[in-house]
Amino acid sequence: MSAERVAQLAYSDFQAAMLDEEKRRRKAAKIVAVLGHFLGRDRDVLDGLTVADIGCSAGFIADELAAAGARRTFGVDIDVPGLRKAAERFGERVEFVCADGTALPFPDGSIDVLVFNHIYEHVVDPDAIMAEMRRVLADDGVLYLGLGNRLGVMEPHYKLPFLSYLPPRLADRYVRLSGRADSYYERYRTRRGLRRMVRGLRVWDYTFPVLATPAAFAGSELFPGVVGRVAGGVLARLPRSVLRGLLPVVPTYLWVATKGARRPAGASLPQPPDPVRSL
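Residues numbered from 1 in each chain as written. Predicted model: local features only at pLDDT ≥ 70, side-chain atom pairs only at ≥ 80, totals over all residues. Heavy atoms only, no water.

Enquirer: How should empty space enclosed by the protein be read in this particular structure?
Expert: Under the counting rule described, the total for this entry stands at 1 cavity of 30 Å³ or more. Of the voids in this model, the largest cavity is the one considered here, and its volume is about 40 Å³. If you trace the largest cavity, you find it lined by Gly148, Asn149, Gly152, Met154, Pro156, Ser164, Tyr188 and Pro251. Here the lining of the largest cavity is composed, by residue class, of 4 nonpolar, 4 polar and no charged. (1 Å grid on protein atoms, 1.4 Å probe; cavity = no way out; pocket = protein on both sides within 12 Å on 5 of 7 lines; lining within 4 Å. Points joined across faces, edges and corners; volume = space filled by probe spheres on them. Nonpolar A, V, L, I, M, F, W, Y, C, P; charged D, E, K, R; others polar.)

Written out as structure tokens, the structure is:
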């Protein structure tokens, strides 16, 4: 990584998407649905559990986690403006904490469910954060991971094709020429790099289950309308071997990780979750 790379201390001040409440709550619904399937819970998915959203920013996802029945909910970030907004609105049922992900303020094995959704590309040391999340995750706990893929063709933040494929200096020039930013901060990894990042955890891939049955996972924003229904129908019927061949270029992976040998406990699906072999 570039030596000039520093933490983004006020991300919500310059990334308006973090304040898009409707979109953030749709993402939260998908996260809760995936966790519900893995845990085998149709209602009150997080009932009685201690939950933490790492990289919570303005707190919309953390608020939805609390609404899903969590006994105690934490939102953790270094985005001070975002945390202020979050605490003002949701502070009665979510405990917001200003802390770096490389030094989480929780005892070992104290968190039942961790959410780390589209955060790793923004942080300076994702491997250190993964190590901290493994430390605080309970032995029978669950970690939800939303992970962007470097080989996804359309870069999601700037909507520029192949931007994430480029080395940092060329990516900086590309994003400057587009007029969309002065530099390209995000650092994505390929699927292979992400498999190394989750070393030491057991991982189940929910990417194709969500894409093939979006209604079951509140994921209709992925392929809205008629396009979504057609895409879901096609994906639900494709042979598993074909889907596995597409994995290297899927733009986003949805993974659920555990320390132990837990398996998805939910109902059968047209495209069931697959185990991911870590490196």
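Anyway, onward from the coordinates.
Enquirer: Honestly, the packing of helix H2 (residues 21–39) against helix H3 (residues 60–67) in this entry has me stumped. Any pointers?
Expert: Geometry of a packed helix pair, given as the angle between the helix axes and the separation of the axes. Direction vectors running N to C along H2 and H3 enclose 45 degrees, while the axes themselves pass 8 Å from each other. Judged by the inter-axis angle, H2 sits oblique to H3. In this structure, H2 meets H3 at a crossing whose hand is right-handed. Where H2 abuts H3, its residues Glu21, Arg24, Arg25, Ala28, Ile31 and Val32 lie against Phe60, Ile61, Asp63, Glu64 and Leu65. The residue makeup of the contact of H2 with H3, split by class, is 6 nonpolar, no polar and 5 charged. (Axes fitted to C-alpha atoms, helices over the stretch in contact; angles between N-to-C directions. Helix = DSSP H or I, 4+ residues; strand = E, 2+ residues; numbered from the N terminus. Parallel < 35°, antiparallel > 145°, perpendicular 65-115°, else oblique. Left-handed = near helix turned anticlockwise from the far one by under 90°. Contact = heavy atoms within 4.5 Å.)

Enquirer: Hey, could you run me through a positive patch on the surface in this one?
Expert: On the surface, Arg192, Arg196, Arg199 and Arg277 cluster together to form a positively charged patch. Residue placement: Arg192 occurs in helix H7 (residues 191–197). (Patch = residues over 30% accessible without salt bridge, like charges linked within 9 Å, V, L, I, M, F, W, Y side chains within 5 Å. Areas by Shrake-Rupley, 256 points an atom, 1.4 Å probe, with all protein chains shown as cover. Salt bridge = Lys/Arg side-chain N within 4 Å of Asp/Glu carboxyl O. Lys, Arg positive; Asp, Glu negative; His and termini not counted. Charge placed at Lys NZ, Arg CZ, Asp CG, Glu CD.)

Enquirer: What exactly am I supposed to notice about the side chain of Arg187 here?
Expert: Structurally, Arg187 is set in the loop between helix H6 (168–178) and H7. Although Arg187 is buried, it forms no salt bridge, and the closest oppositely charged side chain is Asp172 at an N-O distance of 5.3 Å. A distance of 2.9 Å separates a polar side-chain atom of Arg187 from the backbone oxygen of Tyr184. Among the polar contacts made by the side chain of Arg187, one reaches the main-chain carbonyl oxygen of Tyr185 at a distance of 3.2 Å. (Buried < 20%, exposed > 50% of the residue type's maximum accessible area, 1.4 Å probe, protein only. Polar contact = N/O pair within 3.5 Å; in protein donor to acceptor, adjacent residues only side chain to side chain.)

Enquirer: Can you walk me through the pattern of salt bridges in this structure?
Expert: Two side chains bearing opposite charge may form a pair once their charged atoms approach each other closely. All chains considered together, the criterion is met by 14 salt bridges. The shortest N-O distance in the salt bridge between Asp205 and Arg191 comes to 3.3 Å. Of this pair, Asp205 sits in strand E6 (residues 202–205) while Arg191 is found in helix H7, placing the two residues 14 residues apart along the sequence. Judged on exposure class, the residue Asp205 and its partner Arg191 are both buried.

Enquirer: Would you mind going over the environment of Ala218 with me for this structure?
Expert: By the secondary structure assignment, Ala218 is in the loop between helix H8 (207–212) and helix H9 (225–237). Residue class for Ala218 comes out partly exposed when judged on its relative accessible area of 32%. Separated by 213 residues in sequence, Ala218 and Arg5 have C-alpha atoms that sit 35 Å apart.

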